[in-house]
Amino acid sequence: SYGISSAGSDWQEWRVRDVESGEDLSDLIRWCKFTSMAWTPDGKGFFYSRYPEPQEEVQYQQITQGQQIYYHRLGDPQDNDALIYERPDKTNWYISASVTDDGKYLIISAREGTSPKNGLFVKDLTAPDSEFRELFGVGIASHAIIENDQSLFYVYTQRDAPRGKVVAVELDNPAAESWRTIVPESNDTLEGVTLLQNEFFLNYLHDAYTAIRVYDLEGKFVRDLPLPGIGTVNGVGGDRKDTEAFYVYSSFTTPPTTYRLNLTTGESEFVRQ
């Protein structure tokens with residue numbers, strides 16, 4: 001799926017392209033701003049954010065409020081899309097959807113205006129009539145789900161940790177006093193976390209350059225990831241069960257360079273520059 005905006009507008013139209021044929025399908029999604037597509041693992045459809053259709057004569061001037069989450073099934077017209085989540089009492093919220101890798105949960109991230117202090121709401125997709133459950137409230141701190149093991153969520157949070165930490169949160173008991181801290185806040189700023197081969201790869205900003213430290217699921221330090229030098233890495237990309245991952249390194253004297261990380265040996269090799 002890909003989105004296109006015309007004439008510099010924030011409005012986007014989204015289409016779906018068949019990769020093998022290079023042809024677009026009949027699907028057309030309109031009235032989107034600030035959205036991504038959260039596909040279900042079966043590939044039959046996706047969740048997305050949109051706004052109510054504005055009046056034609058003011059569609060480029062009208063204030064956009066009341067963002068909603070819909071589900072689109074491939075091949076259906078947009079009018080058939082199902083409304084999944086909305087907050088008419090919070091019309092200035094920006095809301096976005098994601099699906100956990102196991103396909104079990106739909107995650108809604110909500111923030112008020114441009115505040116980074118987002119809340120997270122969870123719905124069990126295996127129980128269609130289930131209600132959304134609040135994991136974190138809006139306006140308290142920044143949160144991001146790293147991965148989950150069934151109802152146990154590994155979360156990056158800045159709550160009581162402005163430089164960031166990693167905690168484990170049970171969906172049935174999400175109160176802050178019940179969190180289990182896996183990697184506590186350090187003197188360095190935690191900028192991102194990836195879970196690979198059941199190890200957390202934490203991307204820190206240390207003395208204005210990147211340091212990547214690896215911890216196991218219980219929070220025990222495993223090793224530092226050797227980098228080509230003092231520079232910047234925006235994160236290590238890969239899926240949890242992959243045997244390899246990739247990262248892009250750059251510095252004042254090195255252009256962005258892609259490396260492949262062998263998760264079995266821990267060694268990196270040059271890919272391209």
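Let me begin by describing the structure that accompanies this report. (Residues numbered from 1 in each chain as written. Predicted model: local features only at pLDDT ≥ 70, side-chain atom pairs only at ≥ 80, totals over all residues. Heavy atoms only, no water.)

**Let's talk about the packing of aromatic side chains**
Counted under the stated rule, the structure contains 16 aromatic pairs. These aromatic residues form a ring-pair network of at least three members: Trp 39, Phe 46, Tyr 48 and Tyr 70. Arg 50 extends its terminal NZ or CZ atom over the ring of Tyr 70, reaching a point 5.4 Å from the ring centre. (Phe/Tyr/Trp six-rings, centres within 6.5 Å; stacked < 30°, edge-to-face > 60°. Lys NZ or Arg CZ within 6 Å of the ring centre and 35° of its normal.)

**A few points about the environment of Ile 69**
Tracing the backbone shows Ile 69 in strand β6 (residues 68-73). Among the residues examined, Ile 69 registers a relative accessible area of 0% and is labelled buried. Residues Ile 69 and Ile 95, spaced 26 residues apart in sequence, show a C-alpha to C-alpha distance of 7.4 Å. With near-sequence residues (within four places) excluded, Ile 69 lies in contact with Phe 47, Tyr 48, Ser 49, Ala 82, Leu 83, Ile 84, Tyr 85, Ile 95, Ser 96, Ala 97 and Ile 108. (Helix = DSSP H or I, 4+ residues; strand = E, 2+ residues; numbered from the N terminus. Buried < 20%, exposed > 50% of the residue type's maximum accessible area, 1.4 Å probe, protein only. Contact = heavy atoms within 4.5 Å.)

**Overview of the layout of surface pockets**
Here the largest pocket is characterised by a volume of approximately 310 Å³. Lining the largest pocket are 18 residues, with Ser 98, Ile 107, Ala 144, Ile 145 and Ile 146 positioned closest to its centre. Every element with two or more residues in the lining of the largest pocket is listed here: β8 (93-99), β9 (105-112) and β12 (143-149). In terms of residue count, the dominant contributor to the lining of the largest pocket is β12 (6 residues). Among the residues making up the lining of the largest pocket, the classes are represented as 8 nonpolar, 7 polar and 3 charged. What lines the second largest pocket is a set of 15 residues, and nearest its centre among them are Ile 4, Ser 6, Trp 11, Gln 12 and Glu 13. Every element with two or more residues in the lining of the second largest pocket is listed here: β1 (2-4), β2 (12-17) and β3 (24-32). Per-element accounting of the lining of the second largest pocket gives the leading share, 4 residues, to β2. (1 Å grid on protein atoms, 1.4 Å probe; cavity = no way out; pocket = protein on both sides within 12 Å on 5 of 7 lines; lining within 4 Å. Points joined across faces, edges and corners; volume = space filled by probe spheres on them. Nonpolar A, V, L, I, M, F, W, Y, C, P; charged D, E, K, R; others polar.)

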